[in-house]
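# Breakdown of the fold
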Amino acid sequence: MCRPPAGPSAPLAARGVGKRFGGLAALDGVDLDVRAGAVVGLVGPNGSGKTTLLHAVAGLLSVDSGTILIAGSPAGSRAARVASALVPDEPTGLDELSVIELVSLVHALWGAGVRATARAEVLLSAFGLDDRRGQRLGTLSRGLRRQASAVAALSLAPPLILVDEATATLDPEAIIVLSEAVAALAARGCGVLLATQDLHFAGAACHEIVLLHRGVVIDRGEPGALRGRHGAASLEEVFLTALGDSSLRERVRDAFDAL
Amino acid sequence: MRSTLCEAVARCHLRRLRGVAASAPLPAAIVALVVVSAPVILFRLGGVVGADVAAGGGTAGVSEALVLGPLLAAAVAGAALAVAAPARSALGDQVAAGPPAAAVAVLALALVPAAAGSIVVVPSLFAACIGLARALPGGAAAGVALAAATVAAVPAGAVVAEGGIGAGRKQRRRALAVGVGVLGWLALGLALGSAPLGPLAPVAAALRDAGSPSLALGVSSAVGIGLAAAWVILAATRAESRSPRRAAGRVGRRRLPAPLAAAVLLARRGDLRLATLGAAVFGLAGTALAAATDAPPPAPFLLGTTTALLGSLLCPLVVGGVLADGRWLWRSAPVQRGTIARSFTFASIVAAALPTAFVGGVALVVSGGGARILGVVATLVVVGSCVALLAGALLPWRGAGAGDQMTTIAAFAAIAIAASFVVGLVAPRLVSLGVPDAVIVVALCVAFVATALTALDRRLGAGC
């Protein structure tokens, strides 16, 4: 909407992406670009398709229609997987590994070099995980596990970084560290696609915001431009206006009289 | 420090086992002792069975039946393993999105843990088979071939299950290919003298000293390796599971009591539905094969029901994990202590009993059977379900655990061996003291149910 489409070797170029779960269209004709050095925020209500889109880009889900290219390779291919890394919303699966073992495993799987190890050390220190590097993932709180998986993914510095529910369960300090880490990686040329419900974080961290609703992109643009276009003082207002629900607060207040 | 995916998953399994052993050292030591001593005892037991059947060991019918029974059980176990095999997503979204090929993920999540878990079963299997065959014309070498053939039947069952999974996920070509493979198996078996045994027919010939044990061993090993490779390829190329139908619902006056909620949670799992269906199909096949060989009653009934039971025990096996995953709700609910554990125990035993009862009903019509044998199978259902519940409570089959399934199944095998030894030691002594059979059976069931309930309650934290 605000820029011409990205080239085929951009970190992410998605065209006409569609995905159905039974009778439900989770994604419907989504176009999305993430350029090198850009931080793009996916914003939308619960169930709007943010995680589905991220999982499709990460190769965890196949799509029913459309194409997704990651650094020029189709999503799900080995080349695309090497070129991207995901910080998941639910960092589960290998509970018995320690923080440092998870980082080592991810580095080994991605074939990362010594620079990734150096980056991991910096990130571990920044997130305050130095003292927990030998602690089992299963014994950590969800927020700390997410920080550990963020260290593993961000230290790879691949062409495309995917962050699901970016700020969920993170404490304010960790949110600041994540925000700065994302900005630093974008400055060195990584593209970042993050999904979040935290509109304040999205406004501060993202160069572009894509608003998803029921699997469809209903608006997109730079945070300032979005606010201007909707005549809104905040992204929350933009969000509610774009969803056609600007009177939500009043409406539920009336309904809650029944409580 | 670097680690590969297989190493990482293996490390997770070892740490889980170490954690369980540390939290319950005495039961763990008993199970370990039983598993270590099982090969010796089973070798002697195999010898006793072998001596019993030695008279007819030279006939084709007996030698084929001696191969078919273990093969069918192993195929059911293989089918259950395939149905239970964790998807790539069990690695967690972050690692699942990584570069390793799908086959590597299958190896790491299923085959490596299964191979490690087989340490519990395989030595006992070989010991029992060698002990059995020593008393037969083929000798110990034929016993090794029999054990190898039984191991080879595990991937055979897994491949058949992949065909079923493919049919369920609209991968018709894969289902067709598996169907053609099954027909090829039967045709090859027919040419070699025993249709159900397929390419493993030389094992039956070796048992009655009508063929070379070396050839039988070679064929069994080759078939096993080939089928294992085929299964890895099929598992790595499975289609995504289909989305469940959306159920429209609203808060109403109807309540969902705990036993019903337990039944609903179990019934809505695709892996359990498939395992239950597979158990019934394999059970019916066992009944049909036994009836076709003119085996006298209650052989068709026993072969069919025990085969069906083995497959349907997946249901109680997952209960510990279901409870662990929903602990936030079960523990905080203001219900009487033990209610949740009782609800799941009841629901899972009923679920395990259904396919067994169905197959048993058919088998009774086909070949007949008495009240006594019905009691034996009913006891097996209760005791087997409780052993599965206990294994699942000790090593829960978590929704988000990488390869949990395999360690849980290995724990089931270990506890089942230990339980059968305990029953084998205690029950004959009670009989010799004059205690009626019915009393022993009821006491046995009560003891196993109480143990399972206590373990599940502890899993929930209510009993700690």
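Predicted, not measured: the structure shown is a model, and the values here were computed from it.

Moving on to the overall build of chain B. Helices and strands together make up the secondary structure of chain B, namely 18 helices and zero strands. Taken over C-alpha atoms, the radius of gyration comes to 22 Å for chain B, in line with the 23 Å a tight globule of 464 residues would show. Taking the principal axes of its C-alpha atoms as reference, chain B extends roughly 65 × 65 × 50 Å. Burial analysis of chain B (464 residues in total) assigns 50% to the buried set. For chain B, restricting intrachain contacts to residue pairs at least 6 apart in sequence, the fraction spanning at least 24 positions comes to 79%.

Moving on, we come to the pairing of strand β8 (residues 191–195) of chain A. Residue and element names in this part refer to chain A. The element β8 is largely enclosed, with a buried count of five among its five residues. Burial along β8 is two-sided: Gly 191, Leu 193 and Ala 195 and Val 192 and Leu 194, pointing in opposite directions, are all buried. Relative to β8, strand β3 (residues 39–43) runs parallel, the two being bridged by four bridges. Residue pairing in the sheet places Val 39 in a bridge with Val 192 of β8. Relative to β8, strand β7 (residues 160–163) runs parallel, the two sharing four bridges. By the bridge assignment for β8, Val 163 is matched with Leu 194. Remark: the β7/helix α6 (residues 172–187)/β8 crossover connection has right-handed handedness.

Residue and element names in this part refer to chain A. If you trace the six strands from one edge of the open sheet to the other, you get β6-β7-β8-β3-β9-β10, paired in mixed fashion. Bordering the open sheet on either side are β6 (84–87) and β10 (216–221), each of which pairs with just one other strand. Adjacent strand axes in the sheet meet at a mean angle of 20 degrees when their direction is disregarded. Seen against the sheet, helix α1 (residues 50–58) touches β3, β6, β7, β8 and β9 (208–213) and runs at an angle of roughly 145 degrees to β8.

This brings us to the packing of helix α5 (residues 102–134) of chain B against helix α6 (residues 140–168) of chain B. All names here are of chain B. Interhelical geometry of α5 versus α6 gives an angle of 140 degrees and a closest axis separation of 7 Å. Here α5 lies oblique to α6, going by the angle between them. The chirality of how α5 crosses α6 is right-handed. Facing α5, whose interface residues are Val 122, Leu 125, Phe 126, Cys 129, Ile 130, Leu 132, Ala 133 and Arg 134, α6 presents Ala 140, Ala 142, Gly 143, Val 144, Leu 146, Ala 147, Thr 150 and Val 151. Taken together, the residues that form the contact of α5 with α6 break down as 13 nonpolar, two polar and one charged.

Here we take up the sheet that holds strand β2 (residues 24–34) of chain A. Residues and elements named next belong to chain A. Across the sheet, four strands lie side by side as β2-β1-β4-β5; this open sheet has antiparallel pairing. Among the strands making up the open sheet, the edge pair consists of β2 and β5 (73–74). Together, β1 (12–21), β2 and β4 (65–70) form the strand contacts of α1, whose direction differs from that of β1 by roughly 120 degrees.

Residues and elements named next belong to chain A. Going residue by residue along β6, you find Ser 84 and Leu 86 tucked away on one face and Ala 85 and Val 87 tucked away on the opposite face as well. Bridging between β6 and β7 involves four bridges; their strand directions are parallel. Looking across to β7, one finds that Leu 86 is bridged to Leu 162.

Residue and element names in this part refer to chain B. When the domains of chain B are assigned, the result is domain 1 (37–241) and domain 2 (258–464). One C-alpha centre belongs to domain 1, the other to domain 2, and the line joining them spans 23 Å. Of the residues lining the interface, 35 residues belong to domain 1; the matching set on domain 2 comes to 28 residues. Broken down by secondary-structure element, the contributors of at least two residues to the side of domain 1 that touches domain 2 are α2 (25–53), α3 (60–84), α5 and α6. Here the element with the most residues in the side of domain 1 that touches domain 2 is α3; it accounts for 15 residues. For the side of domain 1 that touches domain 2, a count of residues per class yields 27 nonpolar, seven polar and one charged.

Right, let's talk about the environment of Ala295(B) for a bit. All names here are of chain B. Residue placement: Ala 295 occurs in the loop between α11 (270–292) and α12 (299–312). When the C-alpha positions of Ala 295 and Ala 65 are compared, they lie 8.8 Å apart, and in sequence the two are 230 residues distant. The contacts of Ala 295, once residues within four sequence positions are left out, are Ala 65, Ala 290 and Pro 300.

All right, on to the environment of Gly76(A) then. All names here are of chain A. Within the element layout of this structure, Gly 76 appears in the loop between β5 and α2 (78–82). Judged by local crowding, Gly 76 falls into the partly exposed class, with 19 C-beta atoms found within 10 Å. Not counting residues up to four positions away in its chain, the partners in contact with Gly 76 are Gly 59 and Ser 62.

Here the focus is the confidence of the model for chain B. Scored by pLDDT, chain B has a mean of 85; 94% of the residues are at 70 or more. Averaged pLDDT values over the elements of chain B bottom out at 77 in helix α14 (residues 327–332) of chain B and peak at 93 in helix α9 (residues 213–236) of chain B.

Note: predicted coordinates in regions of low pLDDT should not be interpreted at a detailed level. The predicted model of chain A has a mean per-residue pLDDT of 91, with 97% of residues at 70 or higher. The lowest-confidence element of chain A is helix α10 (residues 248–255) of chain A, averaging 84 in pLDDT; the highest-confidence one is β8(A), averaging 97.

All names here are of chain A. The phi torsion at Ala 157 lies on the positive side, around 45 degrees, for a residue other than glycine. Inspection of the secondary structure assignment puts Ala 157 in the loop between α5 (142–154) and β7. Located in the positive-phi region is Glu 165, a residue other than glycine, with phi close to 45 degrees. As for its placement among the helices and strands, Glu 165 is situated in the loop between β7 and α6.

About the cut-offs
Residues numbered from 1 in each chain as written. Chains lettered and ligands numbered in written order. Predicted model: local features only at pLDDT ≥ 70, side-chain atom pairs only at ≥ 80, totals over all residues. Helix = DSSP H or I, 4+ residues; strand = E, 2+ residues; numbered from the N terminus. Rg over C-alpha atoms; globule rule 2.2 N^0.38 Å. Buried ≥ 20, exposed ≤ 12 C-beta atoms within 10 Å, placed from the backbone. Contact = placed C-beta atoms within 7 Å. Pairing = 2+ DSSP bridges. Right-handed = clockwise from strand over helix to strand, strands pointing away. Axes fitted to C-alpha atoms, helices over the stretch in contact; angles between N-to-C directions. Parallel < 35°, antiparallel > 145°, perpendicular 65-115°, else oblique. Left-handed = near helix turned anticlockwise from the far one by under 90°. Nonpolar A, V, L, I, M, F, W, Y, C, P; charged D, E, K, R; others polar. Domains from an automatic or database assignment. pLDDT = per-residue confidence, 0-100.

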